[in-house]
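Structural features, examined
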Amino acid sequence: MTHESVSLTTLMKEDLQAARNSDPAARTMVEVALAYPGVHAVWGHRVAHHLWGRGHKLIARLFSQLMRALTGIEIHPGARIGRRFFIDHGMGVVIGQTAEVGDDCVLFHGVTLGGVSMRKGKRHPTLGNGVMVGAGAKVLGPIYIGDGAKIGANAVVVKDVPPATAAIGVPAKVSQPKPESKGAEQIVDPTLFI
């Protein structure tokens, strides 16, 4: 999840390509760069996170609030976001201060990576690499979502989710992959995520 040695330009290009690869409606890179608020929010977060890490906390918070007003997506500048991150549609997404998101993750609109406590310290979830979180899902507390896991639309997840499984429902229950399955995408109907 660390990408401090990678340039901001490289990260932004990867985010742009991730959006193009993840959204079948994306026609051109120019369209994605100009018309995708999820991409704008991630780019804004990368700048705010850089400022946050350099001790410019107030400026980082003000910039993140500006991005929230422009995109409808709230990402705390302290959150750690991996490479090639895509937020599809995005309106209403909230990512808390101690949240960590791995590489190649996708979130849909209305997702919350939130806390369940008002205490200082780690209080938001950590997503492994390649995690997909469906529309309206709430992933709450200092829990871990394993690599390649899928969180169904409107699920409420308050416990760890193992890698390559799906968590569906309120409260979320984990579906184990079938032995003949090649991945989490075969566990459930993919329309549960959008």
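Residues numbered from 1 in each chain as written. Predicted model: local features only at pLDDT ≥ 70, side-chain atom pairs only at ≥ 80, totals over all residues. Heavy atoms only, no water.

Under an unreviewed UniProt entry, the name given to the protein chain is Serine acetyltransferase, and the organism recorded is Bowdeniella nasicola. Quoted verbatim from the Sequence similarities (unreviewed entry) heading of the UniProt record, the comment on the protein chain is "Belongs to the transferase hexapeptide repeat family." Of the protein chain, the UniProt comment under Pathway (unreviewed entry) reads exactly: "Amino-acid biosynthesis; L-cysteine biosynthesis; L-cysteine from L-serine: step 1/2." (UniProt positions renumbered as here; feature names shortened; annotations may be inferred.)

Moving on: the overall build of the protein chain. The secondary structure content of the protein chain amounts to 4 helices and 15 strands. Every one of the 194 residues in the protein chain was classed for burial, and the buried ones make up 47%. For the protein chain, long-range pairs separated by at least 24 residues make up 36% of all intrachain contacts whose partners lie at least 6 apart in sequence. Counting only carbon and sulfur atoms, one obtains 59% of the accessible surface of the protein chain, whose full area is about 9600 Å². (Helix = DSSP H or I, 4+ residues; strand = E, 2+ residues; numbered from the N terminus. Buried < 20%, exposed > 50% of the residue type's maximum accessible area, 1.4 Å probe, protein only. Contact = heavy atoms within 4.5 Å. Areas by Shrake-Rupley, 256 points an atom, 1.4 Å probe, with all protein chains shown as cover.)

Turning next to the sheet that holds strand β12 (residues 150-151). Here we have 6 strands laid out as an open sheet, ordered β3-β6-β9-β12-β14-β15, and mixed in their pairing. At either end of the open sheet lies a strand with only one pairing partner, and these are β3 (86-88) and β15 (173-175). (Pairing = 2+ DSSP bridges.)

A separate point is the pattern of salt bridges. All chains considered together, the criterion is met by 8 salt bridges. As a salt-bridge pair, Arg84 and Glu14 come within 3.6 Å of each other at their nearest N and O atoms. Placement of the pair is Arg84 in the loop between β2 (80-81) and β3 and Glu14 in helix α1 (residues 8-22), with a sequence separation of 70 residues. In this structure Glu14 comes out as buried when scored by relative accessible area, which is 16%. A salt bridge links Asp104 to Arg84; the shortest N-O distance between them is 2.6 Å. Separated by 20 residues along the polypeptide, Asp104 in the loop between β5 (100-101) and β6 (106-108) and Arg84 in the loop between β2 and β3 bring together distant segments of the chain. Here the residues in one salt-bridge network are Glu14, Arg83, Arg84 and Asp104, joined through shared partners. (Salt bridge = Lys/Arg side-chain N within 4 Å of Asp/Glu carboxyl O.)

Time to look at the side chain of Thr71. Mapped onto the elements, Thr71 comes out in helix α4 (residues 57-71). Residue classification places Thr71 among the buried positions, given a relative accessible area of 6%. In terms of polar contacts, Thr71 uses its side chain to reach the backbone carbonyl oxygen of Met67, at 2.7 Å. Leave out the neighbours within four places in its chain, and Thr71 touches Pro37, His40, Ala41 and Met91. (Polar contact = N/O pair within 3.5 Å; in protein donor to acceptor, adjacent residues only side chain to side chain.)

What follows deals with the sheet that holds strand β1 (residues 74-75). Taken together, the 5 strands give an open sheet; going across it, the order is β1-β4-β7-β10-β13, and neighbouring strands pair in parallel fashion. Two strands in the sheet have a free side with no partner beyond their single neighbour: β1 and β13 (156-157).

The next thing to look at is the packing of α1 against helix α3 (residues 37-53). Running from N to C, α1 and α3 point in directions that differ by 160°, and their axes come no closer than 10 Å. On the basis of their axis angle, the class for α1 and α3 is roughly antiparallel. Regarding α1 and α3, the two cross each other, and that crossing is right-handed. Within the contact between the two elements, α1 uses Leu8, Leu11, Met12, Asp15, Leu16 and Ala19 and α3 uses Val39, Val42, Trp43, Arg46 and Val47. The class makeup of the residues in the contact of α1 with α3 is 9 nonpolar, no polar and 2 charged. (Axes fitted to C-alpha atoms, helices over the stretch in contact; angles between N-to-C directions. Parallel < 35°, antiparallel > 145°, perpendicular 65-115°, else oblique. Left-handed = near helix turned anticlockwise from the far one by under 90°. Nonpolar A, V, L, I, M, F, W, Y, C, P; charged D, E, K, R; others polar.)

Next up on the list: α3. Along an α-helix, residues three or four apart share an orientation, since each turn contains 3.6 residues. Taking 1.5 Å of rise per residue, the 17 residues of α3 would be expected to cover 24 Å, and the 24 Å separating its terminal C-alpha atoms lies within 8% of that figure. Within α3 the residues assigned to the buried category are Gly38, Val39, Ala41, Val42, Trp43, Gly44, His45, Arg46, Ala48, His49 and Trp52. Where α3 is buried, its residues touch α1, α2 (29-35), α4, β1, β2 and β3. Immediately downstream of α3, the backbone of Gly55 shows phi near 90°, a positive value. (Expected span 1.5 Å × (residues − 1).)

Now for unusual backbone geometry. Between Val170 and the following residue, Pro171, the backbone shows a cis peptide bond with an omega angle of -10°. The residue His89 is not glycine, and still its phi comes out positive at about 65°. Note on placement: His89 falls in the loop between β3 and β4 (94-95). The phi torsion at Asp104 lies on the positive side, around 60°, for a residue other than glycine.

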